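# Architecture and fold: a report
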Amino acid sequence: MDASMMAGLDGLPEEDKQKMASMIDQLQLRDSLRMYNSLVERCFVDCVDTFTRKTLQKQEETCVMRCAEKFLKHTMRVGMRFAELNQNAPTQD
């Protein structure tokens, strides 16, 4: 968890801060696993055509690599855009 998230917890007792930090870490882990699973499922469905071999064929492997790269670039761009919008949003004080 980063410092900006902890700053919002300043008024809480230390025990509550630790509980909140643990919950936030769990949520971040869950979201990371969901993103990874989504990537694997999407690229597998889009790229793997045959099941005649244990390994991927060359064109399937190339497709999976491109798919994963696009997915990760898109995810990073969305995250950056969200951060930009979050910085420009008015704060409630």
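Refer to the structure above for everything that follows.
Residues numbered from 1 in each chain as written. Predicted model: local features only at pLDDT ≥ 70, side-chain atom pairs only at ≥ 80, totals over all residues. Heavy atoms only, no water.

### Here we look at helix α2 (residues 14-47)
Condition: Every helix listed is a DSSP run of H or I at least four residues long, and every strand listed is a run of E at least two residues long, numbered separately from the N terminus. Take the residue count of a helix, subtract one, and multiply by 1.5 Å to get its expected span. Exposed residues in this analysis have more than 50% of their type's maximum accessible area, buried residues have under 20%, and partly exposed residues fall in between, with area computed by a 1.4 Å probe over protein chains only.
Look at α2: 49 Å from first C-alpha to last across 34 residues, which is about the 50 Å you get at 1.5 Å a residue. Among all positions of α2, only Lys 17, Ala 21, Ile 24, Leu 39, Cys 43 and Cys 47 are buried.

### Quick notes on helix α3 (residues 58-88)
Heads up, the condition is: Contacts between residues were defined by any pair of non-hydrogen atoms, one from each residue, lying within 4.5 Å.
The terminal C-alpha atoms of α3, which comprises 31 residues, lie 45 Å apart, in line with the 45 Å expected from a rise of 1.5 Å per residue. Taken as a whole, α3 has its buried residues at Glu 60, Cys 67, Ala 68 and Phe 71. Contact partners of the buried residues in α3: α2.

### Points about the state of the cysteines
The criterion, for reference: In what follows, a disulfide is any cysteine sulfur pair within 2.5 Å.
Summed over the entire model, instances satisfying the criterion amount to two disulfides. Across the disulfide, Cys 43 is cross-linked to Cys 67 (sulfur-sulfur distance 2.0 Å). Here Cys 43 and Cys 67 share a disulfide; its torsion about the S-S bond, -90°, makes the bridge left-handed. Taken as a pair, Cys 43 in helix α2 and Cys 67 in helix α3 lie far apart in primary sequence, 24 residues in all. Among the residues examined, Cys 43 registers a relative accessible area of 3% and is labelled buried. The exposure class of Cys 67 is buried, given its relative accessible area of 13%.

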